[in-house]
Amino acid sequence: MDRPSREEGRPLLAWEREVVLRAISASRLDPIAQGLLRRQCDECRVVRVDVSGHGYFATLRCASPAADVSALSGVNADAAELRHGVGFVVWLSNGRIDGLEAFAYGEPWPPSLTLRRWL
């Protein structure tokens, strides 16, 4: 089993963690699976970040499998740098949270992101 060390990568940024937790809460998973994913979020590490012209993708590593789903979505926010807001998808593989995608709606991705409110 592929188990990353605690030293691999960095902890989630505050906004990354909030997106993952909001996606879990918005999911239709049963309360037990949601609880397992919330605990998994606490141990996630960001091991890679790729920024494209219109989005951001963080590759995450989590040690504990939690739920048999492939993606959690439905989280959007208003951002100071984006006129049309930002959307998010949390990706899972084999029961592990393994990616966080953020995307701009029809405009270039900014160098930094300041979330003002959740939509």
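Look a little higher up for the structure.
Reading the values: rules and limits
Residues numbered from 1 in each chain as written. Predicted model: local features only at pLDDT ≥ 70, side-chain atom pairs only at ≥ 80, totals over all residues. Heavy atoms only, no water. Helix = DSSP H or I, 4+ residues; strand = E, 2+ residues; numbered from the N terminus. Rg over C-alpha atoms; globule rule 2.2 N^0.38 Å. Buried < 20%, exposed > 50% of the residue type's maximum accessible area, 1.4 Å probe, protein only. Contact = heavy atoms within 4.5 Å. Axes fitted to C-alpha atoms, helices over the stretch in contact; angles between N-to-C directions. Parallel < 35°, antiparallel > 145°, perpendicular 65-115°, else oblique. Disulfide = S-S within 2.5 Å. Pairing = 2+ DSSP bridges.

Quick word on the overall build of the protein chain
A tally of regular secondary structure across the protein chain gives two helices and seven strands. Starting at the N terminus, the α and β elements of the protein chain follow one another as β-α-α-β-β-β-β-β-β. Radius of gyration (C-alpha) of the protein chain: 14 Å, near the 14 Å computed for a compact globule of 119 residues. Its C-alpha atoms put the protein chain at 40 × 30 × 20 Å along the principal axes. A total of 119 residues make up the protein chain; the buried ones form 45% of that total. If you take every contact in the protein chain between residues at least 6 apart in sequence, the share linking residues at least 24 apart comes to 62%.

Focus: the packing of helix 1 (residues 14-26) against helix 2 (residues 31-43)
Running from N to C, helix 1 and helix 2 cross one another at 170°; their axes reach a closest spacing of 10 Å. Our classification of the angle between helix 1 and helix 2 gives roughly antiparallel. The residues of helix 2 that touch helix 1, namely those facing Arg 17, Val 20, Leu 21, Ile 24 and Ser 25, are Gln 34, Leu 37, Arg 38, Cys 41 and Asp 42.

Observations regarding the state of the cysteines
One pass over the structure, following the stated rule, counts one disulfide. Each sulfur in the disulfide pair Cys 44 and Cys 62 lies 2.0 Å from the other. Measuring handedness by torsion sign, the sulfur bridge of Cys 44 and Cys 62 sits at about 80° and is right-handed. Note that Cys 44 is positioned in the loop between helix 2 and strand 2 (45-51) and Cys 62 in the loop between strand 3 (55-61) and strand 4 (71-79), a separation of 18 residues in sequence. As far as burial versus exposure is concerned, Cys 44 and Cys 62 are alike and both buried. In this structure Cys 41 is not part of a disulfide, and its nearest cysteine sulfur, from Cys 44, lies 5.6 Å away. Under the relative-accessibility criterion, Cys 41 is labelled buried at 2%.

A look at the sheet that holds strand 3
Read across the sheet, seven strands follow the order 1-2-3-6-5-4-7 without closing on themselves; strand pairing throughout is antiparallel. The open sheet has two free edges, formed respectively by strand 1 (10-11) and strand 7 (115-118), since each of these has just one partner strand. Here strand 4 runs beside strand 7; their pairing, made up of three bridges, is antiparallel. The partner of Ala 79 across the bridge, within strand 7, is Leu 115. Strand contacts of helix 1: strand 1, strand 2, strand 3, strand 4, strand 5 (82-93), strand 6 (96-104) and strand 7, with the helix running at about 130° to strand 4, the strand carrying the most contacts. Contacting strand 2, strand 3, strand 4, strand 5 and strand 6, helix 2 crosses the sheet at an angle of about 80° to strand 6.

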